[in-house]
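Secondary and tertiary structure notes
Single-letter residue listing:
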Amino acid sequence: MSLKMKFLGGAGQVEGSALLLQSKNSNFLLDYGVSLGNHKGDPPVFPNHVSPKSLSGLSLSHSHLDHCGAIPHLYISGHMKCYITKPTLDQVSLLINDFLKISGNYLTYERKELEKMKSNSHFLNFNDEVKISNSPFTIKLLDAGHIPGSSQIIINDGKHRILYTGNVNSVETRLQPTMDLNYGELDAIICESTYAGTYHPERKKEEKNFVNKVQEIVDNGGVAQIPAFAIGRSQEILLILTENNYKGNIYMDGMAVKAIDLYSTYDKQFVKDPDSLKRALKRTILIRDSHDRNSVSGPGVIISPAGMLGGGTAIHYLSQIYDNPKNAIFMVGFQAPGTSGYRLLNEKIIYLRGKKRKLKAEPYLFKFSSHIDQNGFEKLFKSIKGNPTVFVMHGEENKLDYLMNYVKDIGLKSCSPELGNEYDISSNNSI
Ligand SMILES: [Zn+2]
Ligand SMILES: [Zn+2]
């Protein structure tokens, strides 16, 4: 019996993950994401086509659009089950509704397809093993430590056991435990490579430096604005501040508020320490409408999306604080070249209503990544049992090459597929 694997997206690039598995004439899809590009207004790029009617089901690793943004398209004509954690579906709903608002003109689907996806979703807890009906496949989700609900997927066709990492984090954060490395014996690994060959700063040290700087700005009567991704990063930043005893006001705005409302309902399986989240929420002023927004004043911290300043309520606050050197802007995630966040950091320039402005507030960058780095890859591959072939994806070319060569050096077969490539796991051949 052979197991075939076809890379429909995310091969040779970071965004748009999509992987099709075929065994005994049955098809199962892992992720179906879009590529958004770095420029606001770029049309999203969809992964390669798959016939929804040919699918026995699909599973989603997590709710970032580069993994889920094309899934509702499959529900125009399909009605297959989507195997998913509850937090992932909650966040998919938030992000896709927002995506429809912002990019609806470019999308092939509407809200009713999102609703159809939701009604066909089958919730899994971590480590549940479930048999996919009308197929040889069983799947199991393991905690990925990336954002709440994020999963690694282990899929088994009765003869081959495959790990699809999705996006993983090997470092414990305030919001999430580390990724689960209890894989058992594997025949193939499809591995993300975003930060292969790079090392993140030591987390606790980065936290201390960040909180000290924020405290200094606020104590001097300034505003510390923190643009952050709505899902995961905003809440992580809040916990970093509160658990390190930051003193002062904290405001949170935009979709980050909707996400923290959800997170506050999750138990220990999906957020590391629900009590710390409750403590943080008690002392945070949540901005829910423009009336609340207009009442924000004085020194303090404002956490609000978008993380690369591509839109969201962060722009409103930026327009109010950018020209006072007492204030500071803290970028807390990757800033892609060409984005407003990148220009703010590197050129101290912002655009407000199309007009170029010189930034007088001080910009800072702190690195609180939720992706595995090279230390993590070394840990991951030490824990591997069996002799799996490793397929690297979800990375820029130099990162993909680095991880592929690292894996070869430790004695495993490895390759970096291109878009559309097919492999037969039984024979380890490209077909
Ligand atoms: Zn992700
Ligand atoms: Zn991703």
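Note: the structure precedes this text.
Since the structure is predicted, the reported quantities are computational estimates derived from the model, not experimental observations.

About the criteria used
Residues numbered from 1 in each chain as written. Chains lettered and ligands numbered in written order. Predicted model: local features only at pLDDT ≥ 70, side-chain atom pairs only at ≥ 80, totals over all residues. Heavy atoms only, no water. Helix = DSSP H or I, 4+ residues; strand = E, 2+ residues; numbered from the N terminus. Rg over C-alpha atoms; globule rule 2.2 N^0.38 Å. Buried < 20%, exposed > 50% of the residue type's maximum accessible area, 1.4 Å probe, protein only. Contact = heavy atoms within 4.5 Å. Areas by Shrake-Rupley, 256 points an atom, 1.4 Å probe, with all protein chains shown as cover. Lys, Arg positive; Asp, Glu negative; His and termini not counted. Charge placed at Lys NZ, Arg CZ, Asp CG, Glu CD. Donors = N, O, S within 2.8 Å, 3.2 Å for Na, K, Ca; no water. Tetrahedral: all angles 85-135°; square planar, octahedral: opposite > 155°, others 65-115°. 1 Å grid on protein atoms, 1.4 Å probe; cavity = no way out; pocket = protein on both sides within 12 Å on 5 of 7 lines; lining within 4 Å. Points joined across faces, edges and corners; volume = space filled by probe spheres on them. Nonpolar A, V, L, I, M, F, W, Y, C, P; charged D, E, K, R; others polar. Pairing = 2+ DSSP bridges. Salt bridge = Lys/Arg side-chain N within 4 Å of Asp/Glu carboxyl O.

**Observations concerning the overall build of the protein chain**
Summing up its helical and strand segments, the protein chain has 13 helices and 23 strands in all. Against the compact-globule benchmark of 22 Å for 431 residues, the protein chain has a radius of gyration of 22 Å, which places it among compact chains. Projected onto its principal axes, the C-alpha positions of the protein chain cover 70 × 45 × 40 Å. In the protein chain, buried positions account for 58% of the 431 residues. Within the protein chain, contacts between residues at least 6 apart in sequence are counted, and of these 71% link residues at least 24 apart. When the accessible surface of the protein chain is split by element, carbon and sulfur atoms take 47% of a total near 17800 Å². Charged side chains of the protein chain number 49 positive and 44 negative; the gap between the two group centres comes to 4 Å.

**Details of the coordination of the zinc ion (ligand 1)**
Protein coordination of the zinc ion (ligand 1) is provided by His62 (NE2), His64 (ND1), His146 (NE2) and Asn167 (OD1), with donor distances spanning 2.2 to 2.4 Å. Considering all four donor atoms around the zinc ion (ligand 1), angles at the metal cover 86 to 169 degrees and the coordination shape is irregular. For the zinc ion (ligand 1), all donor residues lie on one chain, and their spacing in sequence is H-x1-H-x81-H-x20-N. Exposure remark for His64: the relative accessible area of 21% places this residue in the partly exposed category.

**A look at empty space enclosed by the protein**
Taking a probe equal in size to a water molecule and rolling it over the atoms shows the remaining empty space. Going through the model one piece at a time under the given rule, you end up with one cavity of 30 Å³ or more. Considering each element in turn, the lining of the largest cavity owes the most residues, three residues, to strand 11 (residues 185-192). Here the lining of the largest cavity is built from residues that sort into four nonpolar, five polar and one charged.

**Some points on the sheet that holds strand 12 (residues 223-227)**
Ordered by their spatial adjacency, six strands build an open sheet running 14-13-15-12-16-19, and the pairing between neighbours is parallel. In this open sheet, the two strands that pair with only one neighbour each are strand 14 (285-286) and strand 19 (362-365). Where strand 16 (residues 328-331) and strand 19 come together, four bridges link them in parallel fashion. Looking at the pairing, Phe330 lines up with Tyr364 of strand 19.

**Some thoughts on the side chain of His160**
On the secondary structure map, His160 appears in the loop between strand 9 (151-156) and strand 10 (161-164). Dropping the residues within four chain positions of it, His160 is found in contact with Met1, Ser2, Leu3, Ile155, Asp187, Ile425 and Ser426.

**Here we look at the pattern of salt bridges**
In a structure, side chains of opposite charge can pair up when their charged atoms sit close to one another. Summed over all chains, the structure comprises 13 salt bridges. Across the pair Asp90 and Lys86 runs a salt bridge whose closest N-O atoms are separated by 3.0 Å. Of this pair, Asp90 and Lys86 are both found in helix 3 (residues 86-103), four residues apart, which corresponds to roughly one turn of the helix. By relative accessible area, which is 16% here, Asp90 ends up buried. Among the residues examined, Lys86 registers a relative accessible area of 39% and is labelled partly exposed. The residue Glu236 makes a salt bridge to Arg203 at a minimum N-O spacing of 2.9 Å. Residue Glu236 is found in helix 6 (residues 233-243), and its partner Arg203 is found in helix 5 (residues 203-219); the two are separated by 33 residues along the sequence. Judged by its relative accessible area of 12%, Arg203 is buried.

**Digging into unusual backbone geometry**
Residue Ala306 is reached from Pro305 by a cis peptide bond, and omega for that bond is 10 degrees. With phi around 60 degrees, Leu309 is a residue other than glycine that occupies positive phi space. Here Leu309 lies in the loop between strand 15 (300-304) and helix 10 (314-321). On the accessibility criterion, Leu309 (3% relative accessible area) is buried. One non-glycine residue with positive phi stands out, namely Lys348, at about 55 degrees. Mapped onto the secondary structure, Lys348 falls in the loop between helix 11 (340-347) and strand 17 (349-352). The class of Lys348 is partly exposed, set by a relative accessible area of 26%.

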